[in-house]
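Chains, contacts and geometry: an overview
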Amino acid sequence: MILNASQLRALRQRNDEELRKGSFAKRGYPANTIQDLLQTIDAAKKEKKKWKKLAQDRGQALRGILDLASKTDVSNGD
(Lines give C-alpha, C1' and ligand atoms only; values in the text may rest on other atoms or scores of the structure.)
Protein backbone atom coordinates (compact mmCIF):
# COMPACT_ATOMS: atom_id res chain seq x y z
CA MET A 1 0.00 0.00 0.00
CA ILE A 2 1.36 3.38 -0.99
CA LEU A 3 0.51 6.33 1.25
CA ASN A 4 0.34 9.88 -0.01
CA ALA A 5 1.64 12.87 1.93
CA SER A 6 -1.65 13.65 3.67
CA GLN A 7 -2.08 10.03 4.78
CA LEU A 8 1.46 9.99 6.18
CA ARG A 9 0.79 13.27 7.99
CA ALA A 10 -2.42 11.87 9.53
CA LEU A 11 -0.63 8.70 10.58
CA ARG A 12 2.16 10.74 12.16
CA GLN A 13 -0.34 12.90 14.06
CA ARG A 14 -2.26 9.90 15.39
CA ASN A 15 0.93 8.17 16.37
CA ASP A 16 2.23 11.29 18.14
CA GLU A 17 -1.02 11.44 20.11
CA GLU A 18 -0.60 7.83 21.18
CA LEU A 19 3.02 8.46 22.19
CA ARG A 20 1.95 11.50 24.27
CA LYS A 21 -0.63 9.39 26.13
CA GLY A 22 2.19 7.26 27.50
CA SER A 23 0.83 4.59 29.80
CA PHE A 24 -2.75 5.58 28.90
CA ALA A 25 -2.25 4.71 25.21
CA LYS A 26 -4.33 2.00 23.57
CA ARG A 27 -3.15 -1.41 24.58
CA GLY A 28 -1.25 -3.11 21.79
CA TYR A 29 -0.86 0.02 19.63
CA PRO A 30 2.64 -0.22 18.11
CA ALA A 31 3.50 3.49 18.47
CA ASN A 32 7.27 3.01 18.64
CA THR A 33 7.25 0.69 15.62
CA ILE A 34 5.19 3.16 13.61
CA GLN A 35 7.51 5.97 14.68
CA ASP A 36 10.51 3.95 13.47
CA LEU A 37 8.79 3.28 10.14
CA LEU A 38 7.97 6.96 9.67
CA GLN A 39 11.59 7.89 10.40
CA THR A 40 12.72 5.28 7.86
CA ILE A 41 10.39 6.80 5.26
CA ASP A 42 11.80 10.28 5.95
CA ALA A 43 15.37 8.98 5.65
CA ALA A 44 14.54 7.25 2.36
CA LYS A 45 13.07 10.48 1.00
CA LYS A 46 16.25 12.36 1.92
CA GLU A 47 18.41 9.70 0.26
CA LYS A 48 16.25 9.84 -2.87
CA LYS A 49 16.67 13.63 -3.06
CA LYS A 50 20.43 13.28 -2.55
CA TRP A 51 20.80 10.69 -5.31
CA LYS A 52 18.54 12.66 -7.65
CA LYS A 53 20.71 15.77 -7.17
CA LEU A 54 23.85 13.69 -7.74
CA ALA A 55 22.39 12.25 -10.97
CA GLN A 56 21.49 15.74 -12.21
CA ASP A 57 25.01 17.00 -11.47
CA ARG A 58 26.47 13.97 -13.24
CA GLY A 59 24.25 14.62 -16.27
CA GLN A 60 25.39 18.23 -16.46
CA ALA A 61 29.03 17.16 -16.23
CA LEU A 62 28.55 14.60 -18.98
CA ARG A 63 26.86 17.20 -21.19
CA GLY A 64 29.81 19.52 -20.62
CA ILE A 65 32.27 16.77 -21.56
CA LEU A 66 30.24 15.97 -24.66
CA ASP A 67 30.24 19.64 -25.68
CA LEU A 68 34.01 19.85 -25.24
CA ALA A 69 34.56 16.60 -27.12
CA SER A 70 32.37 17.75 -30.04
CA LYS A 71 34.39 20.99 -30.30
CA THR A 72 37.72 19.14 -30.41
CA ASP A 73 39.18 18.58 -33.87
CA VAL A 74 39.88 14.83 -34.12
CA SER A 75 40.66 14.86 -37.85
CA ASN A 76 44.33 15.86 -37.24
CA GLY A 77 45.35 12.38 -36.03
CA ASP A 78 48.14 13.54 -33.72
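Below is a summary of the structure that appears in this document. (Residues numbered from 1 in each chain as written. Predicted model: local features only at pLDDT ≥ 70, side-chain atom pairs only at ≥ 80, totals over all residues. Heavy atoms only, no water.)

1. Focus: the overall build of the chain
Counting its regular elements, the chain contains two helices and zero strands. In terms of overall size, the chain is more extended than a compact globule, its C-alpha atoms giving a radius of gyration of 24 Å where 78 residues would be expected to give roughly 12 Å. By principal-axis analysis of the C-alpha atoms, the chain measures approximately 80 × 20 × 20 Å. Mean positive and mean negative side-chain charge positions of the chain (17 and 10 charges, respectively) differ by 10 Å. (Helix = DSSP H or I, 4+ residues; strand = E, 2+ residues; numbered from the N terminus. Rg over C-alpha atoms; globule rule 2.2 N^0.38 Å. Lys, Arg positive; Asp, Glu negative; His and termini not counted. Charge placed at Lys NZ, Arg CZ, Asp CG, Glu CD.)

2. Some points on the side chain of Asn 15
Within the secondary structure, Asn 15 sits in helix α1 (residues 5-21). Residue class for Asn 15 comes out buried when judged on its relative accessible area of 1%. There is a polar contact of 3.1 Å between the side chain of Asn 15 and the backbone oxygen of Ala 31. When residues no more than four places from it in sequence are discounted, the contact partners of Asn 15 are Tyr 29, Pro 30, Ala 31, Ile 34 and Gln 35. (Buried < 20%, exposed > 50% of the residue type's maximum accessible area, 1.4 Å probe, protein only. Polar contact = N/O pair within 3.5 Å; in protein donor to acceptor, adjacent residues only side chain to side chain. Contact = heavy atoms within 4.5 Å.)

3. Let's talk about the pattern of salt bridges
Oppositely charged side chains may form a pair once their charged atoms are brought near each other. Tallied over the entire structure, the rule returns four salt bridges. Measuring nitrogen to oxygen at the nearest pair gives 3.4 Å for the salt bridge that ties Lys 50 to Glu 47. You can see Lys 50 and its partner Glu 47 sitting in helix α2 (residues 31-71), three residues apart, about one turn around the helix. What makes Lys 50 partly exposed here is its relative accessible area of 46%. (Salt bridge = Lys/Arg side-chain N within 4 Å of Asp/Glu carboxyl O.)

4. Re the nonpolar core
With five residues, the main nonpolar core is built from Leu 8, Tyr 29, Ala 31, Ile 34 and Leu 38. With three residues, α2 is the largest single contributor of residues to this core. For Ala 31, the residues in contact, after removing those within four places along its chain, are Asn 15, Glu 18 and Leu 19. (Core = buried A, V, L, I, M, F, W, Y, C linked by side-chain atoms within 4.5 Å.)

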